[in-house]
Structures are given as C-alpha cells and as structure tokens.
Amino acid sequence: MIMKKTVALMILVSFISIAGESQDYWTTEIISIEKDYKIEKKLREMNLDFLMEWNDRVYIIVNHDELQTIEKENILFTLETQNLYPQSQKITIQSGVNGEYHSYSELEQELLTLQDSYPNLARVFDIGDSLEQRNIYALKISDNVNQDENEAEVAFLGCHHAREWISVEVPFLLGKYLVENYNSNSKIKELVDSSEIWIVPLVNPDGLEYSIHFYRYWRKNRRDNGDGSYGVDLNRNYGYMWGYDNKGSSPNPSDVTYRGKSAFSEPETQVIRDLFSLRSFQAMITYHNYSQIIIYPWGYTRLLTEKDDLFFEMSADMSELIQSVNGNFYDYGPAGVDLYLTNGDTTDWTFGTYGIPSFTIELPPIDIPHGGFFNSEGDIQPIFNENLPAMLYLIEWSIDDFEAQSNLPEKRKPKFKSKDQSAGEGRGNNR
Ligand SMILES: [Zn+2]
C-alpha cells in the first residue's frame, strides 16, 4: 500500500512541476470510485490507468474522453485531482455548487441590478449569443451612459476559459466598484466622466455552466465537433495568425487547445470581434487564471513587437501597483517569451488589428500547489482589490492617450502613443 502511494505521489509531483496550462495536465484527472467488484470489472475493461487503492476506494487517472465515457455509464465518482495536491486543503467552495462565484444567470441578474440602481452610469448591452443561445453581456460604465460620447474607450474581458472562474469576478467587480464609488470618490468620478469603460465579464457562458454543473476542469466552449469531441478553445480562435503552427494551438478537435475550423468560427469570438469593430478602444485587458503574470503580444512568436518598450513599461507599472496592495508579485513580459507560444489568442488579434496595448492578466494563484484553477470564495475580494489599481491605471492611460491623440493634427496621429514615450526610447530590452 505504501509503495503504491509513493508511486502516486511521484506522479502527482510530476503534474505539479508542469506549467500552468500544459496539455498533459489538462487532459488528465484523478478520480476515485467506491471499491465495487462489478464497477471495477467494467472499468478494467476500459483499459484505464489504475493509480492506487486507498480507504476502500480505487483511484484512477483518466483523460477527458474516458471521463465522459464514465459519466455516460452513470458510474458514481469523485473528482480527486485537487484533493491530492498537498496544499489544497484551504480551498473551499462553501455555498452551493459555485458558491460566491457567479453562474451565468446570477451574473445576468447582478448586471441588470447594477443598471437599475445606476441608470445614468451603468448600461447592460446584449452584444450577441453564445452557441447554446445564452446572451453575452457587455456592461458599459460612463457618465451619460446612454449617450455615445466622444471619450476614451477601454475594454476589460473575462472568462474565455470556462474553468477560470475568478476571471469573471475581477472585471465584474470593477464595474460594480466604479458605480458604487462614483459619488464619494472624486478620482473615480473623474475617470468615469472622461471615458467609456466596456466590461464583458463572461465571454464563454456555455463553458462556464458546463464547468459548474458537469465538469469543473472544462476549458473550451461547447461546440459539437462532430467526431464525438466537444469544444473550441476560444483563446485560439481569433483571426490574427490563426493556426500559425501546431505548437501554439491544436488542429485536433479533442485537444484542449483546439483552434476551431477557421478563424472566428465560434459565435463567442465573433461577438468580441464585432464589439471591437463597433467601438474604438484605446487599450484592453483580458483576464485568465492561473499564474500571476501580465503578458502582452506577441504570443505566436518569440519576436517582440515594435511597441515592446511601451508594453514592458505599462506592465511593469501595473505589476508594481498590484504588488503594492497585498504584496503579491505578478511577473510580466511578452507572452511568447515569458510563458509559452499561443496563436489565435485575443491579445495578438487586438494588437495585430488595432495596434492597441493589449494585456492578458493571469490571476492568482501562482501555481498548482497553491490551488491551480481553484480559488477560495474568500480570495475573490482580495484578488479584485489587488487588481483594481492596475485597472484604474489602464483607464487613466487610455484617457491620456485619447487626449494626446485628439490634440495632434489629423495627419500626424500615431496609432497610439506612450504617456511617457521618451522614457522608453533608447533603452534596450533589459530582461
Ligand atoms: Zn485561460
């Protein structure tokens, strides 16, 4: 028994050492079932990877397809992956399936409540439908919110990936914070008066619902790929350098980074594409978790963009602001260099198409031993709190950038301009 457990721990340690969104980790789960001869026989016939027996339960490593088969067979199982990580005991979801985290309908309700409570500052737009016909909502925050004013525009997106629940909460809470503090905080009033802030907290509602009710580790949308597999990775489906290689995205439908049949094949990415073509954003952040990292284009290549000095400076500023709140350090750098190659992701497309500063912020925790895709309910507010100053920074940067561009003669308008461009010039890539 002890021997077997040692083997299990060795396997677990090898999972833990794998980077945040590695494929090996995604495709593998540990489940346990009650020790029962008949069920075990059935599972043995499926050629599953048996890990150990412990306290009258059988522990098995399964990939996603195998898990679906087990679900179809109506075999009762417990998902053990997170339970087996040594530091995961503090992870709690106290109330209900998704606890304090928003489901699709809970978010919908809260967005509409914000609009009702602050009709001059908050407006909810249904900007399109998901594959399963759920509404994708954008929350616009501005003074005179019902008018389209000539102001700086900035976008915050959340939850391209279903299991990254905290990525819904952070952008949503920004909207809530701005309207609730508008009257009491002159700085917030100034920002809201001078900009139009567009928040899409839930880009992948179908995936989130699936993650809440069926399979916590679900990542993609719910596209039926027609070969028995489901889901397109929405953060590989955007139309800039889509499908550039098979490292940064996968051509195989059953893979977790499947990029879809074509660029923008998915209604969810089409909705974001259309929002960006209708608006004129100065800058954007899209939230994911986990890793505690701020990354920016390019993702498809290790080459740097021509705006690397500016992006480096902005992400350094944001990292410092985040760290000043709870002391948590978020590393930063170009995505392809700092994390791993991705193609067809959101920020390559927004920068490649519109030339705007575009950031992916991978929220806490920092790694799998600290919870991986799971955060406690109690973490929601502290994670929002530490990210708030960076969000306000991006809004302020957008306002400054908008005003700087408006003051330039038409012909000389650059695509965008650093608030303090001279500081970035002449400096090498010092990292
Ligand atoms: Zn993600």
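All values derive from a computational prediction rather than experimental measurement.

## A closer look at the overall build of the protein
Moving on, step 1. Along the backbone of the protein there are 14 helices and twelve strands.
Moving on, step 2. Out of the 431 residues belonging to the protein, those deemed buried represent 46%.

## Concerning the nonpolar core
Moving on, step 1. Core analysis: the biggest nonpolar cluster contains 91 residues, and I141, I199 and V200 have the highest contact counts within it.
Moving on, step 2. Looking at this core, the element that brings in the most residues is helix 13 (residues 380-406), giving ten residues.
Moving on, step 3. Apart from residues lying up to four places away in sequence, I141 is in contact with L121, A122, G175, L178, V179, V192, I197 and I199.
Moving on, step 4. Counting residues in each nonpolar core, the second largest holds nine residues, with I31, V58, Y59 and I60 among its members.

## Remarks on the sheet that holds strand 8 (residues 195-200)
Moving on, step 1. Taken in spatial order, the eight strands of this open sheet run 5-6-8-7-9-12-10-11, and their pairing is mixed. Strands with a single pairing partner mark the edges of an open sheet, and in this sheet they are strand 5 (122-129) and strand 11 (331-334). Across the sheet, the mean angle separating the axes of adjacent strands is 20 degrees when strand polarity is ignored.
Moving on, step 2. Contacting strand 5, strand 6 (135-141), strand 7 (152-158) and strand 8, helix 9 (residues 267-278) runs over the sheet at an angle of about 130 degrees to strand 5.
Moving on, step 3. Running over the sheet, helix 12 (residues 346-354) touches strand 7, strand 9 (283-289), strand 10 (293-296) and strand 12 (358-363) and is turned about 165 degrees from strand 12.

## Observations concerning the confidence of the model for the protein
Moving on, step 1. Per-chain confidence: the protein averages 84 in pLDDT, with 83% of residues scoring 70 or above.
Moving on, step 2. Confidence drops under a pLDDT of 50 for residues 1-26, and excluding neighbours within four residues, the segment shows 22 contacts in the predicted structure.
Moving on, step 3. Within the model, pLDDT remains below 50 along residues 85-95, and this stretch shows 22 contacts once partners closer than five positions in the same chain are excluded.

## Some words on the environment of E149
Moving on, step 1. Looking at where E149 falls in the secondary structure, it is placed in the loop between strand 6 and strand 7.
Moving on, step 2. A C-alpha to C-alpha distance of 8.0 Å links E149 and E196, two positions 47 residues apart in sequence.
Moving on, step 3. When neighbours within four sequence positions are excluded, E149 is seen to be in contact with S142, N144 and E196.

## Concerning the packing of helix 6 (residues 166-181) against helix 13
Moving on, step 1. Running from N to C, helix 6 and helix 13 point in directions that differ by 60 degrees, and their axes come no closer than 9 Å. What the angle tells us is that helix 6 and helix 13 run oblique. Note that helix 6 runs across helix 13; the crossing there is right-handed. In this structure, helix 6 uses I166, E169, V170, L173, L174 and Y177 to contact helix 13, whose residues at the interface are I380, I383, F384, N387, L388 and M391.
Moving on, step 2. Counted by class, the contact of helix 6 with helix 13 contains ten nonpolar, one polar and one charged residues.

## Focus on the environment of G344
Moving on, step 1. Mapped onto the elements of the fold, G344 is located in the loop between helix 11 (335-338) and helix 12.
Moving on, step 2. Along the backbone, G344 and Y240 are 104 residues apart, and their C-alpha atoms lie at a distance of 5.7 Å.
Moving on, step 3. Each residue touching G344, except ones within four places of it in the same chain, is listed here: R236, N237, Y238, M241, W242, G243, S249, R259 and A263.

## Section: helix 9
Moving on, step 1. Over its twelve residues, helix 9 extends 16 Å from the first C-alpha to the last, a length consistent with the 16 Å expected when each residue adds 1.5 Å.
Moving on, step 2. Residues of helix 9 that are buried: E268, T269, V271, I272 and F276. Buried residues of helix 9, viewed axially, fall in a sector of 155 degrees; they line one side. Exposed and facing more than 90 degrees away from the buried side of helix 9 are S277 and L278.
Moving on, step 3. Tucked into the core, helix 9 has its buried residues touching strand 5, strand 6, strand 7, strand 8 and helix 12.

## Thoughts on the environment of V58
Moving on, step 1. Along the polypeptide, V58 turns up in strand 3 (residues 57-63).
Moving on, step 2. Classification of V58 as buried rests on a count of 20 C-beta atoms within 10 Å.

## Description of unusual backbone geometry
Moving on, step 1. Of the consecutive residues N289 and Y290, the connecting peptide bond is found in the cis state with omega at 10 degrees.
Moving on, step 2. Along the chain, Y290 turns up in the loop between strand 9 and strand 10.
Moving on, step 3. Notably, N144 is not glycine yet its phi reads approximately 45 degrees, a positive angle.
Moving on, step 4. Tracing the chain through its elements places N144 in the loop between strand 6 and strand 7.
Moving on, step 5. In this structure, C159 is a non-glycine residue whose phi angle is positive, near 55 degrees.
Moving on, step 6. Topologically, C159 is positioned in the loop between strand 7 and helix 6.

## Topic: the pairing of strand 12
Moving on, step 1. A large share of strand 12 lies buried, amounting to six of its six residues.
Moving on, step 2. Judged by which residues are buried, strand 12 turns out to be covered on both faces: S358, T360 and E362 on one side and F359, I361 and L363 on the other are all buried.
Moving on, step 3. The pairing of strand 9 with strand 12 spans six bridges and is classified as parallel. In the strand pairing of strand 12, H288 is matched with E362.
Moving on, step 4. In terms of strand pairing, strand 10 meets strand 12 through three bridges, oriented antiparallel.

Quick notes on the rules
- Residues numbered from 1 in each chain as written.
- Predicted model: local features only at pLDDT ≥ 70, side-chain atom pairs only at ≥ 80, totals over all residues.
- Helix = DSSP H or I, 4+ residues; strand = E, 2+ residues; numbered from the N terminus.
- Buried ≥ 20, exposed ≤ 12 C-beta atoms within 10 Å, placed from the backbone.
- Core = buried A, V, L, I, M, F, W, Y, C linked by C-beta atoms within 7 Å.
- Contact = placed C-beta atoms within 7 Å.
- Pairing = 2+ DSSP bridges.
- Axes fitted to C-alpha atoms, helices over the stretch in contact; angles between N-to-C directions.
- pLDDT = per-residue confidence, 0-100.
- Parallel < 35°, antiparallel > 145°, perpendicular 65-115°, else oblique.
- Left-handed = near helix turned anticlockwise from the far one by under 90°.
- Nonpolar A, V, L, I, M, F, W, Y, C, P; charged D, E, K, R; others polar.
- Expected span 1.5 Å × (residues − 1).
- Arc of directions from axis to C-beta.

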